[in-house]
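Fold and geometry: a report
For reference, the chains in residue letters:
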Amino acid sequence: MSILTFKNVSKTYDKMTHALADVSFSVDEGEFVSVIGPSGSGKSTLLRCVNRLVDATRGEIFFDGHDIIRAGKKEIRQIRKKIGMIFQHYNLVDRLSVIENVLHGRLGHKSTISGAMGFYSEREKESAFQILSKLGLTEQAYKRCDELSGGQKQRVGIARSLMQAPRLILCDEPIASLDPSSSKVIMDHLSLINKNMKITCIFNLHQVDVAMKYSMRIIGITSGRIVYDGPPDRLAESKIHEIYQSNEGELITDVR
Ligand SMILES: Nc1ncnc2c1ncn2[C@@H]1O[C@H](COP(=O)(O)OP(=O)(O)O)[C@@H](O)[C@H]1O
Ligand SMILES: [Mg+2]
């Protein structure tokens, strides 16, 4: 059962920049998919078209019964409730505590007033603590986010997205600012969330080897076009060079 479908999607920011060109693919429920490609190839644009942080210029996008491109404001709010997003730079409120940041994941589900006043039910608080415990952050619950390491901050980002009870999690370069051991912790958590909670995950990565190790499917994009879509074990070295438009020997892989 597909949860997300792109049909001939293009995005031009201005006449010169074709960030996505005729992109078509479908993601099944429960998949763990990575999108790889060089900087500027359109990875962030692709993810952002899903939750309408970016408006696609042409084509069709369907997610969980919603026609994303034609959705009005109210429907976009419904859609965003079902989609968690994790960012390279975490996007936390640094001066607030970990638990407050995690509870922010519920904001999409609340009225503006109760959200703004910081009203959360006992059930929401309990669930926030349970999620923190799963991510090994119980002891950090009352710390301010600016006291945390990068890896801890990213785990708070994951916890916040889980508070939404999302159908899909989009991860835009979730480990690009982390050292190898924190990167592994984050990828292991995302992988477990996918397996145990059956949440579909799509993540942008620039590290080919991480994508090969963790994902069941890799989508390779170059200049806004899909040039590979398949399992990691069929991604030939020559295809990797094509994706990164590099010559043999100058390919950059971070060994993580
Ligand atoms: N807000 C924007 N306005 C204009 N051009 C943009 C904007 N965002 C991205 N682009 C351009 O679109 C292309 C794809 O960018 P992006 O999706 O960020 O790629 P990636 O995430 O793979 O680095 C690049 O050429 C980038 O400069
Ligand atoms: Mg990007």
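None of the values given here were measured: they were computed from a predicted structure.

With that settled, the discussion passes to the state of the cysteines. Counted according to the given criterion, the structure contains 0 disulfides. No disulfide involves C145; its sulfur sits 18 Å from the nearest other cysteine sulfur, which is in C171. Of the residues examined, C145 reaches a relative accessible area of 0% and is grouped as buried. No disulfide involves C171; its sulfur sits 5.6 Å from that of C201, the nearest cysteine.

Taken together, Y13, T17, A19, P38, S39, G40, S41, G42, K43, S44 and T45 form the complete shell of residues around ligand 1. Between ligand 1 and the protein, one listed contact pairs an oxygen atom with a backbone N or O atom of G42 at 3.1 Å. Interatomic distance of 2.8 Å between a side-chain N/O atom of K43 and an oxygen atom of ligand 1. Here ligand 1 loses 58% of its free accessible area of 560 Å² to cover by the protein chains. Its residues placed into classes, the shell around ligand 1 shows 3 nonpolar, 7 polar and 1 charged.

Okay, the pairing of strand 9 (residues 217-222) next. Across a regular strand the side chains alternate sides, sitting on one face of the sheet and then on the other. For strand 9, the buried fraction is high: 6 of the 6 residues fall into the buried class. Neither face of strand 9 is exposed, since R217, I219 and I221 on one face and I218, G220 and T222 on the opposite face are all buried. As defined by bridge partners, strand 3 (residues 32-36) adjoins strand 9 across 4 bridges and the pair is classed as parallel. What sits directly across from V35, in strand 9, is I219. Bridge count between strand 9 and strand 10 (residues 225-230): 5 bridges; the pairing is antiparallel. By the bridge assignment for strand 10, I219 is matched with D229. Counting the residues in the hairpin turn of strand 9 and strand 10 gives 2 residues, including S223, whose phi is positive at 45°.

Looking now at the sheet that holds strand 4 (residues 58-63). Pairing is antiparallel in the open sheet, where 4 strands are placed in the order 2-1-4-5. Because the sheet does not close on itself, it has two edges, and the strands there are strand 2 (18-28) and strand 5 (66-67). Across 2 bridges, the pairing between strand 4 and strand 5 is antiparallel. Across the sheet, residue F62 finds its bridge partner in strand 5, namely D67. Docked against the sheet, helix 1 (residues 43-50) engages strand 1 (2-12), strand 2 and strand 4, running at close to 60° with respect to strand 2.

This paragraph deals with the packing of aromatic side chains. For the coordinates displayed, the defined rule picks out 3 aromatic pairs. It is K11 that lies over the ring of Y13; its NZ or CZ is 4.9 Å from the centre.

Our next topic: the environment of L178. Secondary-structure assignment places L178 in the loop between strand 7 (168-172) and helix 7 (180-197). The class of L178 is buried, set by a relative accessible area of 7%. Residues L178 and F203, 25 residues apart in the sequence, show an inter-C-alpha distance of 15 Å.

This brings us to the domain arrangement of the chain. Looking at the chain, the domain boundaries give domain 1 (1-82 + 167-256) and domain 2 (92-165). Averaged C-alpha coordinates put domain 1 and domain 2 at centres separated by 25 Å. On the side of domain 2, 13 residues touch domain 1, which itself brings 14 residues to the contact. In total, about 1,000 Å² of surface goes out of reach between domain 1 and domain 2, with carbon and sulfur atoms giving 69% of it. For domain 1, the biggest contributors to the area lost against domain 2 are K81, I186 and H189; these three give 45% of the whole. Taken together, the links from domain 1 to domain 2 amount to 0 salt bridges. Within the residue set of the side of domain 1 that touches domain 2, elements represented by two or more residues are helix 2 (73-81) and helix 7. Broken down by element, the side of domain 1 that touches domain 2 gets its largest block of residues, 7 residues, from helix 7.

The rules behind each value
- Residues numbered from 1 in each chain as written.
- Chains lettered and ligands numbered in written order.
- Predicted model: local features only at pLDDT ≥ 70, side-chain atom pairs only at ≥ 80, totals over all residues.
- Heavy atoms only, no water.
- Disulfide = S-S within 2.5 Å.
- Buried < 20%, exposed > 50% of the residue type's maximum accessible area, 1.4 Å probe, protein only.
- Near = heavy atom within 4 Å.
- Polar contact = N/O pair within 3.5 Å; in protein donor to acceptor, adjacent residues only side chain to side chain.
- Areas by Shrake-Rupley, 256 points an atom, 1.4 Å probe, with all protein chains shown as cover.
- Nonpolar A, V, L, I, M, F, W, Y, C, P; charged D, E, K, R; others polar.
- Helix = DSSP H or I, 4+ residues; strand = E, 2+ residues; numbered from the N terminus.
- Pairing = 2+ DSSP bridges.
- Contact = heavy atoms within 4.5 Å.
- Axes fitted to C-alpha atoms, helices over the stretch in contact; angles between N-to-C directions.
- Phe/Tyr/Trp six-rings, centres within 6.5 Å; stacked < 30°, edge-to-face > 60°.
- Lys NZ or Arg CZ within 6 Å of the ring centre and 35° of its normal.
- Domains from an automatic or database assignment.
- Buried area = accessible area lost by both parts, 1.4 Å probe.
- Salt bridge = Lys/Arg side-chain N within 4 Å of Asp/Glu carboxyl O.

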